[in-house]
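Results of the structural survey
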Amino acid sequence: MKLTKFTHACVRLEKDGRVLVLDPGTFSETDQALAGADAVLITHEHADHVDVDAVAAALQGNAALELFAPEAVAATLRSKAPDAGSRIHTAAVGEDFETAGFAVRTFGGQHALIHPQIPVVANVGYLVDANVYHPGDSFAIPDGVEVRTLLVPIHAPWNKVGEVVDFVIGVRAPLAFPVHDALLNDTGRGLIEGHVTRIGAKYGTEYRHLSAGDSVEV
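1. Concerning the pairing of strand S1 (residues 2–5)
The pairing of S1 with strand S2 (residues 11–15) spans four bridges and is antiparallel. Across the sheet, Lys5 pairs through a bridge with Val11, a residue of S2. Hairpin connection of S1 to S2: five residues between the antiparallel strands, including His8 at a positive phi of 70°. Sheet topology note: the S1/strand S14 (residues 215–217) ladder contains three bridges and is antiparallel. Bridge pairing links Leu3 to Val216 in S14.

Here you go:
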């Protein structure tokens with residue numbers, strides 16, 4: 001399938017003429033990402049992972065568009081796009097489903113801790129076609145499966161470099177690409193990606209940088 005990275009956490013997957021979009025948030029080029037989409041997966045409710053207005057507009061403008069998200073996100077979008085209510089599905093951990101010709105399995109459960117005074121929200125990670133794993137804001141390692149392509153949250157208020165590297169080591173996917181990187185400057189990116197590239201390679205993971213707008217076959 002073809003994977004296209006957008007700014008921050010959003011990626012677009014294309015296969016056999018069908019389009020699946022993950023986490024089109026407010027930091028991302030949501031109009032481009034959602035154009036012609038058949039299905040959308042949302043990991044959690046934070047705005048950098050779901051642009052509620054843009055996604056609601058897409059649901060209202062495309063009567064075939066399906067969406068899967070944790071219940072808090074699904075409820076918000078049902079209120080914003082009531083005519084699309086039957087196409088907005090609640091996603092929970094431990095599920096298998098198919099949408100737009102893509103097979104999806106869910107993992108995780110909760111957002112990584114930012115601070116004890118900031119509430120932890122539901123977070124669902126998605127493994128698509130037993131290939132691409134998007135963890136959302138979590139380092140939950142999917143159990144019982146082999147991930148072929150890992151999307152790595154390389155920078156966030158809730159992580160540190162050691163945790164990023166340990167996540168890559170733990171999953172041990174042959175191939176990894178960055179997500180969740182909008183807050184990095186070039187200096188910080190080079191430092192973090194250097195560690196991930198060097199140490200990940202010791203455990204069989206080839207880390208490749210992607211900029212917003214880049215596409216790759218996976």
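2. What to know about the packing of aromatic side chains
In the structure shown here, the tally under the stated rule is four aromatic pairs. With a centroid separation of 5.0 Å and 35° between ring planes, the pair formed by Phe139 and Phe167 is classed as tilted. Of the two residues, Phe139 sits in the loop between strand S10 (132–134) and strand S11 (149–153) while Phe167 sits in helix H4 (residues 161–171), which places them 28 residues apart along the sequence. Overall, the relative accessible area of 2% leaves Phe167 in the buried class. Among the aromatic residues, ring-to-ring pairing joins Phe139, Trp158 and Phe167 into one connected group. The residue whose ring lies beneath Lys15 is Phe102, and the NZ or CZ to ring-centre distance is 4.8 Å.

3. Things to note about the sheet that holds strand S8 (residues 102–110)
If you walk across this open sheet you meet the seven strands as S7-S8-S9-S10-S11-S12-S13, and the pairing is mixed. Only two strands of the sheet have a single neighbouring strand rather than two, namely strand S7 (96–99) and strand S13 (206–207). Judged from the three bridges that link them, strand S9 (residues 122–128) and S10 form a sheet pairing that is antiparallel. Bridging across to S10, Val128 finds its partner in Val132. Of the strands in this sheet, S10 and S11 touch H4, which is tilted by about 165° from S11.

4. A word on the environment of Thr43
If you trace the backbone, Thr43 turns up in the loop between strand S4 (39–41) and helix H2 (52–61). In this structure, the C-alpha to C-alpha distance between Thr43 and Gly136, residues 93 residues apart in sequence, is 5.2 Å. Here Thr43 is in contact with Asp23, His49, Pro70, Ala122, Asn123, Val124, Tyr126, His134 and Gly136, once residues within four sequence places are set aside. A polar side-chain atom of Thr43 sits 2.7 Å from a polar atom in the side chain of Asp23. One polar contact links Thr43 to His44, side chain to side chain, over a distance of 2.9 Å.

5. Structural notes on the nonpolar core
If you look at the biggest cluster of nonpolar residues, it comprises 24 residues, and the most contacted ones within it are Leu13, Leu20, Leu41 and Tyr126. Elements with a minimum of two residues in this core: S2, strand S3 (18–22), S4, S8, S9 and strand S12 (175–179). What Leu20 contacts, discounting residues up to four positions off in sequence, is Val11, Arg12, Leu13, Ala39, Val40, Leu41, Thr99, Phe102 and Val128.

6. A closer look at the pattern of salt bridges
A complete count under the given rule lists nine salt bridges for this structure. One salt-bridge network, in which partners are shared between bridges, spans Lys5, Asp181 and Arg189.

The rules behind the values
- Residues numbered from 1 in each chain as written.
- Predicted model: local features only at pLDDT ≥ 70, side-chain atom pairs only at ≥ 80, totals over all residues.
- Heavy atoms only, no water.
- Pairing = 2+ DSSP bridges.
- Helix = DSSP H or I, 4+ residues; strand = E, 2+ residues; numbered from the N terminus.
- Phe/Tyr/Trp six-rings, centres within 6.5 Å; stacked < 30°, edge-to-face > 60°.
- Buried < 20%, exposed > 50% of the residue type's maximum accessible area, 1.4 Å probe, protein only.
- Lys NZ or Arg CZ within 6 Å of the ring centre and 35° of its normal.
- Contact = heavy atoms within 4.5 Å.
- Axes fitted to C-alpha atoms, helices over the stretch in contact; angles between N-to-C directions.
- Polar contact = N/O pair within 3.5 Å; in protein donor to acceptor, adjacent residues only side chain to side chain.
- Core = buried A, V, L, I, M, F, W, Y, C linked by side-chain atoms within 4.5 Å.
- Salt bridge = Lys/Arg side-chain N within 4 Å of Asp/Glu carboxyl O.

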